[in-house]
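Topology and contacts: notes
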Amino acid sequence: MVEPLAEGGSVPEADFPADCRMDHTVNTVCVVGLGYIGLPTAATLASRGIEVIGVDINPQIVAAVNDGKPYFPEPDLDMLLRAATTLGKLRATARPEPADAFVIAVPTPFNDDRSPNLTFIDAAADAISPVLAAGNVVILESTSPVGTTARLSKRLARQRPDLRLPEEGENGPFDVHIAHCPERVLPGHMVRELIENDRIIGGLSEACAEHAEAVYSIFLRGTAFRTGAATAELVKLVENAYRDVNIAFANELSTICDQLGLNVWQVIELANRHPRVSILQPGAGVGGHCIAVDPWFIVASAPEQTRLIRAAREVNDAKPKFIVSQIRERADRLKHPVIACLGLTYKPDVDDVRESPALDIVVELACDPDTRLLVAEPNLRALPPPLDERANVTMCDTLAAVREADIVAILVAHSRFRRIPQEELMRRMVIDATGLTHRSVSMTR
Ligand code: SAJ
(Lines give C-alpha, C1' and ligand atoms only; values in the text may rest on other atoms or scores of the structure.)
Protein backbone atom coordinates (compact mmCIF):
# COMPACT_ATOMS: atom_id res chain seq x y z
CA MET A 1 0.00 0.00 0.00
CA VAL A 2 1.33 3.44 -0.87
CA GLU A 3 1.19 5.25 2.41
CA PRO A 4 2.33 8.84 2.60
CA LEU A 5 -0.14 11.29 1.18
CA ALA A 6 1.71 13.73 -1.01
CA GLU A 7 0.24 16.90 -2.41
CA GLY A 8 0.88 17.05 -6.15
CA GLY A 9 4.49 17.61 -7.01
CA SER A 10 5.65 18.05 -3.42
CA VAL A 11 7.63 14.81 -3.10
CA PRO A 12 11.24 15.01 -4.29
CA GLU A 13 11.84 12.92 -7.40
CA ALA A 14 14.89 11.21 -5.89
CA ASP A 15 12.66 9.50 -3.25
CA PHE A 16 10.83 7.46 -5.86
CA PRO A 17 11.90 4.06 -7.13
CA ALA A 18 13.63 3.97 -10.49
CA ASP A 19 10.59 3.44 -12.71
CA CYS A 20 8.89 6.70 -11.75
CA ARG A 21 11.66 8.75 -13.27
CA MET A 22 10.39 7.59 -16.66
CA ASP A 23 9.23 10.01 -19.30
CA HIS A 24 5.69 11.21 -18.44
CA THR A 25 4.94 12.77 -21.81
CA VAL A 26 1.25 12.38 -22.66
CA ASN A 27 0.40 13.02 -26.30
CA THR A 28 -2.52 10.66 -26.80
CA VAL A 29 -5.30 9.70 -24.39
CA CYS A 30 -7.94 7.04 -25.02
CA VAL A 31 -11.10 7.71 -22.98
CA VAL A 32 -13.26 4.59 -22.64
CA GLY A 33 -16.92 5.49 -22.03
CA LEU A 34 -18.25 8.79 -23.39
CA GLY A 35 -20.92 9.27 -20.75
CA TYR A 36 -21.58 12.11 -18.33
CA ILE A 37 -17.97 11.98 -17.09
CA GLY A 38 -16.00 10.55 -20.02
CA LEU A 39 -17.28 13.03 -22.59
CA PRO A 40 -16.44 16.24 -20.66
CA THR A 41 -13.05 14.72 -19.73
CA ALA A 42 -12.29 13.79 -23.35
CA ALA A 43 -13.36 17.22 -24.62
CA THR A 44 -11.32 19.01 -21.94
CA LEU A 45 -8.15 17.04 -22.77
CA ALA A 46 -8.67 17.64 -26.50
CA SER A 47 -9.20 21.37 -25.94
CA ARG A 48 -5.69 21.39 -24.37
CA GLY A 49 -4.20 20.03 -27.60
CA ILE A 50 -4.04 16.33 -26.62
CA GLU A 51 -4.97 13.75 -29.29
CA VAL A 52 -8.03 12.11 -27.77
CA ILE A 53 -9.66 8.88 -28.91
CA GLY A 54 -13.12 8.62 -27.37
CA VAL A 55 -14.54 5.10 -27.20
CA ASP A 56 -18.17 4.12 -26.74
CA ILE A 57 -20.15 0.96 -27.46
CA ASN A 58 -23.19 3.07 -28.44
CA PRO A 59 -22.92 4.01 -32.16
CA GLN A 60 -25.32 6.96 -31.69
CA ILE A 61 -23.01 8.47 -29.09
CA VAL A 62 -19.99 7.93 -31.36
CA ALA A 63 -21.81 9.67 -34.24
CA ALA A 64 -22.97 12.61 -32.07
CA VAL A 65 -19.48 13.19 -30.65
CA ASN A 66 -17.89 13.07 -34.12
CA ASP A 67 -20.47 15.68 -35.17
CA GLY A 68 -19.31 17.85 -32.26
CA LYS A 69 -22.71 17.64 -30.57
CA PRO A 70 -23.21 16.77 -26.88
CA TYR A 71 -26.10 14.32 -26.51
CA PHE A 72 -27.04 15.56 -23.03
CA PRO A 73 -27.45 19.12 -21.75
CA GLU A 74 -24.55 20.43 -19.68
CA PRO A 75 -23.58 24.10 -19.53
CA ASP A 76 -20.57 24.94 -21.77
CA LEU A 77 -20.08 21.34 -22.95
CA ASP A 78 -21.27 22.18 -26.48
CA MET A 79 -18.67 24.94 -26.75
CA LEU A 80 -15.89 22.69 -25.45
CA LEU A 81 -16.86 19.81 -27.71
CA ARG A 82 -17.11 22.04 -30.77
CA ALA A 83 -13.63 23.40 -30.03
CA ALA A 84 -12.25 19.87 -29.61
CA THR A 85 -13.70 18.52 -32.83
CA THR A 86 -12.92 21.70 -34.82
CA LEU A 87 -9.29 21.42 -33.70
CA GLY A 88 -9.44 17.83 -34.92
CA LYS A 89 -8.19 16.61 -31.56
CA LEU A 90 -11.14 14.45 -30.53
CA ARG A 91 -12.29 11.45 -32.51
CA ALA A 92 -14.89 8.94 -31.33
CA THR A 93 -14.84 5.26 -32.24
CA ALA A 94 -16.16 1.89 -31.08
CA ARG A 95 -12.81 0.29 -30.13
CA PRO A 96 -9.82 1.46 -28.09
CA GLU A 97 -6.69 2.36 -30.03
CA PRO A 98 -3.07 2.61 -28.84
CA ALA A 99 -2.44 5.67 -26.65
CA ASP A 100 -0.11 6.92 -23.92
CA ALA A 101 -2.90 6.93 -21.34
CA PHE A 102 -6.26 5.18 -20.96
CA VAL A 103 -9.06 6.69 -18.88
CA ILE A 104 -11.91 4.33 -18.00
CA ALA A 105 -15.15 6.17 -17.25
CA VAL A 106 -17.88 3.53 -17.48
CA PRO A 107 -20.90 3.00 -15.20
CA THR A 108 -20.76 0.91 -12.03
CA PRO A 109 -24.40 0.08 -11.26
CA PHE A 110 -25.53 -2.32 -8.54
CA ASN A 111 -27.17 -5.73 -8.89
CA ASP A 112 -30.67 -6.60 -7.62
CA ASP A 113 -29.12 -7.56 -4.26
CA ARG A 114 -27.33 -4.15 -4.19
CA SER A 115 -23.91 -5.70 -4.65
CA PRO A 116 -21.66 -3.77 -7.07
CA ASN A 117 -21.84 -4.72 -10.74
CA LEU A 118 -18.37 -4.45 -12.28
CA THR A 119 -19.18 -5.90 -15.71
CA PHE A 120 -18.66 -2.58 -17.52
CA ILE A 121 -15.19 -2.16 -15.97
CA ASP A 122 -14.33 -5.74 -16.92
CA ALA A 123 -15.49 -5.12 -20.50
CA ALA A 124 -13.41 -1.92 -20.69
CA ALA A 125 -10.33 -3.81 -19.43
CA ASP A 126 -10.87 -6.53 -22.01
CA ALA A 127 -11.24 -3.91 -24.75
CA ILE A 128 -8.02 -2.05 -23.93
CA SER A 129 -5.80 -5.05 -23.13
CA PRO A 130 -4.89 -5.86 -26.79
CA VAL A 131 -3.61 -2.31 -27.42
CA LEU A 132 -1.77 -1.79 -24.10
CA ALA A 133 1.95 -1.10 -24.42
CA ALA A 134 4.89 -0.58 -22.08
CA GLY A 135 4.95 2.99 -20.74
CA ASN A 136 1.14 3.33 -20.67
CA VAL A 137 -0.90 4.49 -17.69
CA VAL A 138 -4.43 3.16 -17.13
CA ILE A 139 -6.69 5.33 -14.98
CA LEU A 140 -9.97 4.06 -13.54
CA GLU A 141 -12.32 7.01 -13.00
CA SER A 142 -15.52 5.02 -12.44
CA THR A 143 -16.78 5.01 -8.85
CA SER A 144 -15.64 1.63 -7.55
CA PRO A 145 -15.75 -0.54 -4.44
CA VAL A 146 -12.48 -0.87 -2.53
CA GLY A 147 -10.15 -3.30 -4.32
CA THR A 148 -11.45 -2.70 -7.85
CA THR A 149 -8.27 -1.03 -9.16
CA ALA A 150 -6.13 -3.94 -7.95
CA ARG A 151 -8.64 -6.31 -9.54
CA LEU A 152 -8.42 -4.37 -12.82
CA SER A 153 -4.63 -4.72 -12.80
CA LYS A 154 -4.88 -8.49 -12.20
CA ARG A 155 -7.35 -8.86 -15.07
CA LEU A 156 -5.05 -6.96 -17.44
CA ALA A 157 -2.04 -9.00 -16.22
CA ARG A 158 -3.85 -12.26 -17.06
CA GLN A 159 -4.52 -11.04 -20.60
CA ARG A 160 -1.07 -9.52 -21.16
CA PRO A 161 1.52 -11.81 -19.53
CA ASP A 162 4.15 -10.06 -21.68
CA LEU A 163 3.73 -6.84 -19.60
CA ARG A 164 4.68 -6.29 -15.93
CA LEU A 165 1.54 -4.90 -14.23
CA PRO A 166 1.45 -3.47 -10.72
CA GLU A 167 0.15 -5.14 -7.59
CA GLU A 168 -0.89 -2.95 -4.69
CA GLY A 169 1.96 -2.45 -2.24
CA GLU A 170 4.76 -3.23 -4.68
CA ASN A 171 6.88 -0.49 -6.13
CA GLY A 172 7.90 -1.94 -9.44
CA PRO A 173 9.41 -1.36 -11.84
CA PHE A 174 6.31 -1.92 -13.99
CA ASP A 175 5.65 -1.66 -17.70
CA VAL A 176 2.13 -0.25 -17.24
CA HIS A 177 0.94 2.01 -14.43
CA ILE A 178 -2.53 1.74 -12.92
CA ALA A 179 -4.38 4.27 -10.78
CA HIS A 180 -7.82 5.20 -9.51
CA CYS A 181 -8.73 8.89 -9.89
CA PRO A 182 -12.41 9.18 -9.02
CA GLU A 183 -14.42 11.92 -10.67
CA ARG A 184 -16.22 14.34 -8.35
CA VAL A 185 -17.91 16.84 -10.67
CA LEU A 186 -21.47 18.00 -10.05
CA PRO A 187 -23.87 17.63 -12.99
CA GLY A 188 -24.79 21.16 -14.07
CA HIS A 189 -21.29 22.47 -13.19
CA MET A 190 -19.13 19.79 -14.78
CA VAL A 191 -17.01 21.83 -17.17
CA ARG A 192 -15.87 24.21 -14.43
CA GLU A 193 -15.57 21.63 -11.65
CA LEU A 194 -13.52 19.26 -13.82
CA ILE A 195 -10.78 21.87 -13.93
CA GLU A 196 -11.16 23.51 -10.53
CA ASN A 197 -11.92 20.68 -8.10
CA ASP A 198 -9.04 19.04 -6.24
CA ARG A 199 -8.35 15.47 -7.38
CA ILE A 200 -7.40 12.35 -5.45
CA ILE A 201 -4.88 10.30 -7.42
CA GLY A 202 -4.74 6.76 -6.04
CA GLY A 203 -1.89 4.72 -7.48
CA LEU A 204 -1.26 1.02 -7.06
CA SER A 205 2.26 2.34 -6.39
CA GLU A 206 3.83 5.79 -5.99
CA ALA A 207 4.99 5.61 -9.57
CA CYS A 208 1.47 4.76 -10.76
CA ALA A 209 0.12 7.84 -8.97
CA GLU A 210 2.80 10.01 -10.47
CA HIS A 211 2.11 8.81 -14.00
CA ALA A 212 -1.61 9.34 -13.54
CA GLU A 213 -1.03 12.83 -12.18
CA ALA A 214 0.79 13.73 -15.37
CA VAL A 215 -2.51 13.23 -17.24
CA TYR A 216 -4.49 15.51 -14.91
CA SER A 217 -1.79 18.16 -14.88
CA ILE A 218 -2.78 18.82 -18.51
CA PHE A 219 -5.92 20.64 -17.39
CA LEU A 220 -6.21 20.62 -13.59
CA ARG A 221 -6.21 23.93 -11.73
CA GLY A 222 -7.22 22.33 -8.41
CA THR A 223 -4.65 20.44 -6.34
CA ALA A 224 -3.82 16.77 -7.00
CA PHE A 225 -3.37 14.65 -3.86
CA ARG A 226 -1.55 11.36 -4.31
CA THR A 227 -2.42 8.29 -2.26
CA GLY A 228 -2.98 4.55 -2.59
CA ALA A 229 -5.68 3.18 -4.90
CA ALA A 230 -7.77 1.62 -2.10
CA THR A 231 -7.80 4.88 -0.13
CA ALA A 232 -8.90 6.79 -3.24
CA GLU A 233 -11.68 4.26 -3.83
CA LEU A 234 -13.02 4.69 -0.31
CA VAL A 235 -12.62 8.50 -0.36
CA LYS A 236 -14.98 8.71 -3.35
CA LEU A 237 -17.58 6.46 -1.75
CA VAL A 238 -17.31 8.37 1.52
CA GLU A 239 -17.97 11.72 -0.22
CA ASN A 240 -21.26 10.51 -1.61
CA ALA A 241 -22.26 8.62 1.56
CA TYR A 242 -21.58 11.80 3.56
CA ARG A 243 -24.03 13.72 1.38
CA ASP A 244 -26.57 10.88 1.54
CA VAL A 245 -26.46 10.79 5.35
CA ASN A 246 -26.90 14.57 5.55
CA ILE A 247 -29.83 14.58 3.12
CA ALA A 248 -31.37 11.71 5.13
CA PHE A 249 -31.24 13.91 8.23
CA ALA A 250 -33.18 16.62 6.36
CA ASN A 251 -35.67 14.07 5.00
CA GLU A 252 -36.22 12.63 8.46
CA LEU A 253 -36.86 16.14 9.78
CA SER A 254 -39.52 16.60 7.10
CA THR A 255 -41.47 13.56 8.29
CA ILE A 256 -41.03 14.59 11.95
CA CYS A 257 -42.40 18.07 11.13
CA ASP A 258 -45.31 16.56 9.22
CA GLN A 259 -46.18 14.49 12.31
CA LEU A 260 -45.94 17.57 14.57
CA GLY A 261 -47.74 19.93 12.16
CA LEU A 262 -44.70 22.19 11.75
CA ASN A 263 -43.10 23.78 8.69
CA VAL A 264 -39.84 21.92 8.06
CA TRP A 265 -38.44 24.64 5.77
CA GLN A 266 -38.82 27.21 8.50
CA VAL A 267 -37.37 24.87 11.14
CA ILE A 268 -34.28 24.22 8.97
CA GLU A 269 -33.87 27.84 7.97
CA LEU A 270 -33.90 28.94 11.61
CA ALA A 271 -31.67 26.08 12.84
CA ASN A 272 -29.17 27.05 10.14
CA ARG A 273 -28.84 30.49 11.74
CA HIS A 274 -26.66 28.70 14.33
CA PRO A 275 -22.99 29.19 13.39
CA ARG A 276 -22.20 25.47 13.43
CA VAL A 277 -25.42 24.06 11.90
CA SER A 278 -25.86 23.64 8.15
CA ILE A 279 -28.75 21.29 7.39
CA LEU A 280 -29.42 20.31 3.77
CA GLN A 281 -32.83 20.43 2.12
CA PRO A 282 -35.49 17.71 2.24
CA GLY A 283 -36.93 16.64 -1.08
CA ALA A 284 -38.85 13.89 -2.85
CA GLY A 285 -35.97 11.50 -2.09
CA VAL A 286 -32.43 11.00 -3.31
CA GLY A 287 -31.87 10.10 -6.94
CA GLY A 288 -29.19 10.01 -9.59
CA HIS A 289 -26.64 7.38 -10.48
CA CYS A 290 -24.23 8.30 -7.65
CA ILE A 291 -25.56 9.16 -4.22
CA ALA A 292 -28.44 6.68 -4.37
CA VAL A 293 -26.00 3.90 -5.36
CA ASP A 294 -22.48 4.43 -4.00
CA PRO A 295 -23.23 4.11 -0.24
CA TRP A 296 -24.35 0.53 -0.92
CA PHE A 297 -20.78 -0.25 -2.09
CA ILE A 298 -19.54 0.61 1.40
CA VAL A 299 -22.32 -1.45 2.97
CA ALA A 300 -21.35 -4.41 0.77
CA SER A 301 -17.69 -4.13 1.88
CA ALA A 302 -18.39 -3.78 5.62
CA PRO A 303 -21.98 -4.89 6.37
CA GLU A 304 -21.52 -5.04 10.15
CA GLN A 305 -19.98 -1.56 10.43
CA THR A 306 -22.42 0.44 8.30
CA ARG A 307 -25.53 0.90 10.46
CA LEU A 308 -25.74 4.67 9.90
CA ILE A 309 -24.96 4.58 6.17
CA ARG A 310 -27.55 1.83 5.63
CA ALA A 311 -30.17 3.66 7.72
CA ALA A 312 -29.60 6.87 5.72
CA ARG A 313 -30.15 4.95 2.48
CA GLU A 314 -33.36 3.49 3.89
CA VAL A 315 -34.63 6.89 5.09
CA ASN A 316 -33.99 8.46 1.67
CA ASP A 317 -35.46 5.49 -0.20
CA ALA A 318 -38.62 5.71 1.93
CA LYS A 319 -39.24 9.38 1.12
CA PRO A 320 -41.03 8.89 -2.25
CA LYS A 321 -43.56 6.55 -0.56
CA PHE A 322 -44.18 9.22 2.08
CA ILE A 323 -44.89 11.82 -0.65
CA VAL A 324 -47.20 9.36 -2.45
CA SER A 325 -49.16 8.85 0.78
CA GLN A 326 -49.49 12.64 1.25
CA ILE A 327 -50.82 13.02 -2.31
CA ARG A 328 -53.19 10.03 -2.01
CA GLU A 329 -54.58 11.35 1.23
CA ARG A 330 -55.72 14.51 -0.69
CA ALA A 331 -56.79 12.58 -3.79
CA ASP A 332 -59.01 10.24 -1.76
CA ARG A 333 -61.23 13.24 -0.95
CA LEU A 334 -62.13 13.58 -4.66
CA LYS A 335 -64.03 11.31 -7.03
CA HIS A 336 -61.91 11.63 -10.17
CA PRO A 337 -58.86 13.59 -9.05
CA VAL A 338 -56.68 15.43 -11.53
CA ILE A 339 -53.12 15.76 -10.22
CA ALA A 340 -50.45 18.02 -11.72
CA CYS A 341 -47.04 16.43 -11.13
CA LEU A 342 -44.30 19.01 -11.54
CA GLY A 343 -40.93 17.45 -12.36
CA LEU A 344 -39.67 13.96 -13.19
CA THR A 345 -35.87 14.25 -13.21
CA TYR A 346 -33.62 13.30 -10.29
CA LYS A 347 -32.77 16.92 -9.43
CA PRO A 348 -33.50 20.46 -10.65
CA ASP A 349 -32.65 21.62 -14.18
CA VAL A 350 -31.16 18.36 -15.52
CA ASP A 351 -32.67 15.89 -18.01
CA ASP A 352 -31.51 12.75 -16.14
CA VAL A 353 -34.17 10.42 -14.71
CA ARG A 354 -31.87 7.68 -13.39
CA GLU A 355 -33.03 6.53 -9.92
CA SER A 356 -35.35 9.54 -9.91
CA PRO A 357 -37.67 9.66 -6.87
CA ALA A 358 -40.04 11.99 -8.75
CA LEU A 359 -40.41 9.41 -11.52
CA ASP A 360 -41.06 6.66 -8.94
CA ILE A 361 -43.77 8.81 -7.34
CA VAL A 362 -45.58 9.43 -10.63
CA VAL A 363 -45.31 5.76 -11.65
CA GLU A 364 -46.87 4.76 -8.32
CA LEU A 365 -49.69 7.33 -8.59
CA ALA A 366 -50.41 6.18 -12.15
CA CYS A 367 -51.38 2.75 -10.82
CA ASP A 368 -54.74 4.21 -9.79
CA PRO A 369 -56.87 4.24 -13.00
CA ASP A 370 -59.34 6.80 -11.55
CA THR A 371 -56.60 9.39 -11.20
CA ARG A 372 -55.58 11.62 -14.13
CA LEU A 373 -51.99 12.78 -14.03
CA LEU A 374 -50.76 15.85 -15.89
CA VAL A 375 -46.97 15.80 -15.92
CA ALA A 376 -44.92 18.96 -16.52
CA GLU A 377 -41.22 18.34 -17.14
CA PRO A 378 -39.55 21.22 -19.02
CA ASN A 379 -36.29 19.26 -19.41
CA LEU A 380 -37.75 16.30 -21.30
CA ARG A 381 -39.42 16.16 -24.70
CA ALA A 382 -41.50 13.05 -23.98
CA LEU A 383 -42.62 10.91 -21.07
CA PRO A 384 -39.97 8.33 -20.14
CA PRO A 385 -40.86 4.63 -19.76
CA PRO A 386 -42.99 3.24 -18.18
CA LEU A 387 -45.11 6.43 -18.09
CA ASP A 388 -45.25 6.59 -21.90
CA GLU A 389 -47.55 3.55 -21.81
CA ARG A 390 -49.95 4.73 -19.11
CA ALA A 391 -53.29 5.91 -20.48
CA ASN A 392 -54.00 8.16 -17.47
CA VAL A 393 -50.74 10.13 -17.77
CA THR A 394 -50.31 13.11 -20.12
CA MET A 395 -47.36 15.41 -20.62
CA CYS A 396 -48.35 19.07 -20.36
CA ASP A 397 -47.06 22.59 -20.29
CA THR A 398 -46.48 23.71 -16.67
CA LEU A 399 -49.25 26.32 -16.46
CA ALA A 400 -51.77 24.18 -18.34
CA ALA A 401 -51.13 21.32 -15.88
CA VAL A 402 -51.53 23.56 -12.83
CA ARG A 403 -54.70 25.21 -14.17
CA GLU A 404 -56.45 21.93 -14.91
CA ALA A 405 -55.48 20.19 -11.66
CA ASP A 406 -57.23 19.73 -8.31
CA ILE A 407 -53.93 18.84 -6.65
CA VAL A 408 -50.48 20.17 -7.52
CA ALA A 409 -47.50 18.03 -6.46
CA ILE A 410 -44.18 19.86 -6.78
CA LEU A 411 -41.64 17.06 -7.03
CA VAL A 412 -38.53 18.81 -8.42
CA ALA A 413 -37.53 22.45 -7.84
CA HIS A 414 -36.91 23.33 -11.51
CA SER A 415 -36.25 27.04 -12.16
CA ARG A 416 -39.26 27.11 -14.48
CA PHE A 417 -41.61 26.26 -11.60
CA ARG A 418 -40.50 29.32 -9.63
CA ARG A 419 -42.33 31.45 -12.19
CA ILE A 420 -45.76 29.88 -11.55
CA PRO A 421 -48.01 32.75 -10.36
CA GLN A 422 -48.82 32.42 -6.65
CA GLU A 423 -52.55 32.90 -7.25
CA GLU A 424 -52.62 29.80 -9.51
CA LEU A 425 -51.26 27.67 -6.68
CA MET A 426 -53.40 29.27 -3.95
CA ARG A 427 -56.59 27.92 -5.53
CA ARG A 428 -55.39 24.30 -5.37
CA MET A 429 -54.24 21.69 -2.89
CA VAL A 430 -50.46 21.90 -3.08
CA ILE A 431 -48.00 19.26 -1.91
CA ASP A 432 -44.57 20.80 -2.16
CA ALA A 433 -41.86 18.15 -1.65
CA THR A 434 -39.12 20.65 -2.47
CA GLY A 435 -39.68 23.83 -0.46
CA LEU A 436 -40.06 25.81 -3.69
CA THR A 437 -43.14 27.61 -2.37
CA HIS A 438 -41.67 28.28 1.06
CA ARG A 439 -41.33 31.97 1.85
CA SER A 440 -38.07 32.51 3.62
CA VAL A 441 -38.25 33.87 7.18
CA SER A 442 -35.96 36.72 6.17
CA MET A 443 -38.50 37.69 3.49
CA THR A 444 -41.37 37.80 5.98
CA ARG A 445 -39.55 40.05 8.49
N1 SAJ B 1 -30.75 16.42 -2.75
C2 SAJ B 1 -31.66 16.67 -1.72
N3 SAJ B 1 -31.37 17.68 -0.83
C4 SAJ B 1 -30.23 18.41 -0.91
C5 SAJ B 1 -29.30 18.13 -1.94
C6 SAJ B 1 -29.59 17.13 -2.85
O7 SAJ B 1 -32.71 16.03 -1.61
O8 SAJ B 1 -30.07 19.30 -0.06
C9 SAJ B 1 -31.05 15.35 -3.73
C10 SAJ B 1 -31.14 15.82 -5.18
O11 SAJ B 1 -32.41 16.32 -5.47
C12 SAJ B 1 -30.81 14.54 -5.92
C13 SAJ B 1 -29.80 13.85 -5.00
O14 SAJ B 1 -29.96 14.44 -3.72
O15 SAJ B 1 -31.95 13.70 -6.02
C16 SAJ B 1 -28.35 13.99 -5.44
O17 SAJ B 1 -28.11 15.32 -5.93
P18 SAJ B 1 -26.74 16.10 -5.66
O19 SAJ B 1 -26.84 17.39 -6.38
O20 SAJ B 1 -26.46 16.15 -4.21
O21 SAJ B 1 -25.61 15.17 -6.25
P22 SAJ B 1 -25.36 14.44 -7.68
O23 SAJ B 1 -25.81 13.03 -7.55
O24 SAJ B 1 -25.88 15.21 -8.82
O25 SAJ B 1 -23.75 14.50 -7.72
C26 SAJ B 1 -23.03 13.89 -6.65
C27 SAJ B 1 -21.97 14.90 -6.14
N28 SAJ B 1 -21.40 14.39 -4.89
C29 SAJ B 1 -21.33 15.19 -3.79
O30 SAJ B 1 -21.78 16.30 -3.74
C31 SAJ B 1 -20.65 14.59 -2.60
C32 SAJ B 1 -20.90 15.08 -7.22
O33 SAJ B 1 -19.85 15.90 -6.72
C34 SAJ B 1 -20.33 13.73 -7.64
O35 SAJ B 1 -19.35 13.86 -8.67
C36 SAJ B 1 -21.47 12.90 -8.19
O37 SAJ B 1 -22.42 12.70 -7.12
C38 SAJ B 1 -20.92 11.56 -8.66
O39 SAJ B 1 -20.79 11.38 -9.90
O40 SAJ B 1 -20.54 10.72 -7.82
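Higher on the page you've got the structure.
To keep things clear, this report deals only with the structure shown in the data block.

Cut-offs and rules
- Residues numbered from 1 in each chain as written.
- Predicted model: local features only at pLDDT ≥ 70, side-chain atom pairs only at ≥ 80, totals over all residues.
- Heavy atoms only, no water.
- Helix = DSSP H or I, 4+ residues; strand = E, 2+ residues; numbered from the N terminus.
- Rg over C-alpha atoms; globule rule 2.2 N^0.38 Å.
- Buried < 20%, exposed > 50% of the residue type's maximum accessible area, 1.4 Å probe, protein only.
- Contact = heavy atoms within 4.5 Å.
- Areas by Shrake-Rupley, 256 points an atom, 1.4 Å probe, with all protein chains shown as cover.
- Lys, Arg positive; Asp, Glu negative; His and termini not counted.
- Charge placed at Lys NZ, Arg CZ, Asp CG, Glu CD.
- Expected span 1.5 Å × (residues − 1).
- Bend = angle between axes of the 7 residues up to and from the residue.
- Pairing = 2+ DSSP bridges.
- Axes fitted to C-alpha atoms, helices over the stretch in contact; angles between N-to-C directions.
- Salt bridge = Lys/Arg side-chain N within 4 Å of Asp/Glu carboxyl O.

Some words on the overall build of the protein
Secondary structure assignment for the protein yields 15 helices and 14 strands. Here the protein has a C-alpha radius of gyration of 24 Å; the compact-globule value for 445 residues is 22 Å, and the two agree. Seen through its principal axes, the protein has C-alpha atoms that stretch 75 × 45 × 45 Å. Buried positions account for 53% of the 445 residues belonging to the protein. Look at the contacts in the protein between residues 6 or more apart in sequence, and 71% of them connect residues 24 or more apart. With the model as given, the accessible surface of the protein reaches about 20,300 Å², and the carbon-plus-sulfur share is 52%. The averaged location of the 60 negative side-chain charges in the protein is 6 Å from the averaged location of its 45 positive side-chain charges.

Brief notes about helix α11 (residues 307-331)
Residues spaced three or four apart along an α-helix point in a common direction, a consequence of the helix completing one turn every 3.6 residues. Along its 25 residues, α11 runs 36 Å from first to last C-alpha, staying within 8% of the 36 Å computed at 1.5 Å per residue. Of all the bends in α11, the greatest, near 30 degrees, is centred on lysine 319, and the proline proline 320 appears no more than four residues after it. Among all positions in α11, only Ile309, Ala312, Arg313, Asn316, Lys319, Pro320, Phe322, Ile323, Val324, Gln326, Ile327 and Ala331 are buried. Buried residues along α11 sit against α8 (229-260), α10 (294-301), β10 (338-342), α12 (357-365), β13 (407-410) and β14 (429-432).

A few points about the sheet that holds strand β12 (residues 393-395)
The strand order across the open sheet formed by 5 strands is β12-β11-β10-β13-β14, and the pairing between neighbours is parallel. A single partner strand is all that each edge strand has here, and the edge strands are β12 and β14. In this sheet, neighbouring strand axes are inclined to one another by 20 degrees on average, regardless of whether the strands run parallel or antiparallel. Bridge analysis of β13 against β14 gives 4 bridges, and the strand direction is parallel. In the sheet register, isoleucine 410 faces β14, and the bridge partner there is aspartate 432.

Quick word on the pattern of salt bridges
Under the defined criterion, the tally for this structure stands at 25 salt bridges. We note a salt bridge from arginine 91 to glutamate 97, for which the minimum N-O separation is 2.9 Å. A salt bridge links aspartate 244 to arginine 313; the nearest nitrogen and oxygen atoms lie 2.7 Å apart. Residue aspartate 244 is located in helix α8, and its partner arginine 313 is located in helix α11; the two are separated by 69 residues in the primary sequence. Shared partners join several salt bridges into a network, and the residues in it are Asp122, Asp126, Arg151 and Arg155.

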